[in-house]
Amino acid sequence: MNLIIVKDYQELSQAAADLVAREIIAKPDTVLCLPTGETPIGMYRELIQKYQRGEIDFSEAVAFSLDEYCSLSPEHPQSYYYYMQHTFFRHINIKAENIYLLNGITQDIVAECENYDKQILENGGIDLQILGIGNNGHLGFNEPAISLNSKTHLVNLSDDTIHANSRFFKNIEEVPTKALTVGMGAIMKATKIMLLASGEKKTAAINKTINGLISTRSPSTFLQLHPDVTIIIDKDAASKL
Ligand code: PGA
């Protein structure tokens, strides 16, 4: 694992955007799998600025989103469809046909998940997987459990996650309790993985990711088995290392 500790959130966002830019410049048709949440917002902002300065061209890039709530329509401001479109895609020149987002309100969850995995495969797999991390060590919505699912699948969100994500909703009752997530298989098969974490609340999860025993109870520990992982964290998230 390549661990990069930076001063603060701004430096983290810049370092993450620089890594993405290097990948896209080296391989313009890079297949990205992208997270939502608070952590990557600064990275998306930096990437948009690089695009506006003419430093990156996303016209050949392909993007999958990592997960999606069930029960929220794409127009819901807390849906990850809405987040990805508004935070990133509508500000860059990625082609609409190269954007893949999970439909959390599908009538046929099995077909939706199977189709998503098929689309990842048809695009040659993920070149660069970008991840945040839950306080509980989840990746995407692969929650701590007695077993992990390698494929895109439906998840019952853990109480920890529902509680953590309630900060984006009016109250905890509004937080969806189910979600779809890309599974550990596609994540672990990505050519390169970049994990981002900021703030003291992530320090225990980051410590486990790097130093913990590999366990399904802590999904991020599986990254220890991947040959090309870069972890970029700020000083606060590194405080327990
Ligand atoms: P955050 O979420 O970036 O909002 O902290 C990360 C996650 O839960 O995976």
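Preceding this paragraph is the structure being described.
Residues numbered from 1 in each chain as written. Predicted model: local features only at pLDDT ≥ 70, side-chain atom pairs only at ≥ 80, totals over all residues. Heavy atoms only, no water.

### So, the state of the cysteines
Summed over all chains, the structure comprises zero disulfides. With no disulfide partner, Cys-113 has as its closest neighbouring cysteine sulfur the one in Cys-70, 8.0 Å distant. (Disulfide = S-S within 2.5 Å.)

### Some words on the sheet that holds strand 10 (residues 229-234)
The strand order across the open sheet formed by seven strands is 1-10-9-6-2-3-5, and the pairing between neighbours is parallel. Edge positions in the open sheet fall to strand 1 (2-6) and strand 5 (99-100), since each of these has one partner strand only. Packed onto the sheet, helix 4 (residues 109-122) meets strand 3 (62-65) and strand 5 and runs at close to 155° relative to strand 3. (Pairing = 2+ DSSP bridges. Helix = DSSP H or I, 4+ residues; strand = E, 2+ residues; numbered from the N terminus. Contact = heavy atoms within 4.5 Å. Axes fitted to C-alpha atoms, helices over the stretch in contact; angles between N-to-C directions.)

### Topic: the side chain of Thr-221
Position of Thr-221 relative to the elements: it lies in the loop between helix 7 (203-211) and strand 10. With sequence-adjacent residues up to four places away left out, Thr-221 is seen in contact with Lys-208, Thr-209, Gly-212, Leu-213, Ile-214 and Ser-215.

### Looking at unusual backbone geometry
Backbone geometry places Ser-71, a non-glycine residue, at a positive phi of 85°. As for its placement among the helices and strands, Ser-71 is situated in the loop between strand 4 (67-69) and helix 3 (80-87).

### Here's the deal with a nonpolar patch on the surface
Residues Leu-3, Ile-5 and Leu-241 make up a contiguous nonpolar surface patch of about 250 Å² in total accessible area. Among the secondary structure elements, Ile-5 is positioned in strand 1. (Patch = residues over 30% accessible without salt bridge, like charges linked within 9 Å, V, L, I, M, F, W, Y side chains within 5 Å. Areas by Shrake-Rupley, 256 points an atom, 1.4 Å probe, with all protein chains shown as cover. Salt bridge = Lys/Arg side-chain N within 4 Å of Asp/Glu carboxyl O.)

### Here's the deal with the pattern of salt bridges
What the rule picks out here adds up to ten salt bridges. Of the charged contacts, one joins Glu-60 and Lys-95 as a salt bridge, the two residues approaching to 3.7 Å between their closest N and O atoms. With Glu-60 in the loop between helix 2 (41-52) and strand 3 and Lys-95 in the loop between helix 3 and strand 5, this pair connects stretches of sequence that are 35 residues apart. Glu-60 gets classed as partly exposed once you look at its relative accessible area, which sits at 41%. On the basis of relative accessibility, which here comes to 33%, the residue Lys-95 falls in the partly exposed class. Among the ionic contacts, a cluster of salt bridges with common partners joins Lys-27, Asp-29 and Asp-127. (Buried < 20%, exposed > 50% of the residue type's maximum accessible area, 1.4 Å probe, protein only.)

### Things to note about the pairing of strand 10
Here strand 10 lies mainly inside the structure; six of its six residues are buried. Residue alternation in strand 10 divides its side chains into two sets, Val-229, Ile-231 and Ile-233 and Thr-230, Ile-232 and Asp-234, and both sets are buried. Pairing geometry for strand 1 and strand 10, over five bridges, is parallel. Each residue of the ladder has a partner; that of Ile-5, found in strand 10, is Ile-233. For the crossover that starts at strand 9 (residues 192-197), traverses helix 7 and ends in the parallel strand 10, the hand is right-handed. (Right-handed = clockwise from strand over helix to strand, strands pointing away.)

### Brief notes about the packing of aromatic side chains
Applying the stated criterion across every chain, the model contains eleven aromatic pairs. Taking 6.3 Å as the distance between ring centres and 75° as the angle between the ring planes, the aromatic pair formed by Tyr-44 and Tyr-83 counts as edge-to-face. Here Tyr-44, found in helix 2, pairs with Tyr-83, found in helix 3; they are 39 residues apart in sequence, far enough to count as distant. Grouping residues by exposure puts Tyr-44 and Tyr-83 together as buried. Ring geometry for Tyr-69 versus Phe-169: centroids 5.9 Å apart, planes at 75°, classification edge-to-face. Taken together, the residues Tyr-69 in strand 4 and Phe-169 in the loop between helix 5 (159-165) and strand 8 (178-181) connect sequence positions 100 residues apart. (Phe/Tyr/Trp six-rings, centres within 6.5 Å; stacked < 30°, edge-to-face > 60°.)

### Digging into the site of the ligand
All residues in the neighbourhood of the ligand are listed as Gly-37, Glu-38, Thr-39, Gly-132, Ile-133, Gly-134, His-138, Arg-167 and Lys-202. In this structure, Glu-38 approaches the ligand through a main-chain N or O atom, which is 2.8 Å from an oxygen atom. One of the side-chain nitrogen or oxygen atoms of His-138 is found 2.7 Å away from an oxygen atom of the ligand. Here the ligand loses 86% of its free accessible area of 290 Å² to cover by the protein chains. A per-class count over the shell around the ligand returns one nonpolar, five polar and three charged. (Near = heavy atom within 4 Å. Polar contact = N/O pair within 3.5 Å; in protein donor to acceptor, adjacent residues only side chain to side chain. Nonpolar A, V, L, I, M, F, W, Y, C, P; charged D, E, K, R; others polar.)

### Remarks on the environment of Val-20
By the element assignment, Val-20 lies in helix 1 (residues 9-26). For the pair formed by Val-20 and Ile-120, sequence separation is 100 residues and the distance between their alpha carbons is 19 Å. Aside from chain neighbours lying at most four places away, what touches Val-20 is Leu-32, Met-43, Leu-47, Leu-128, Ile-130 and Met-194.

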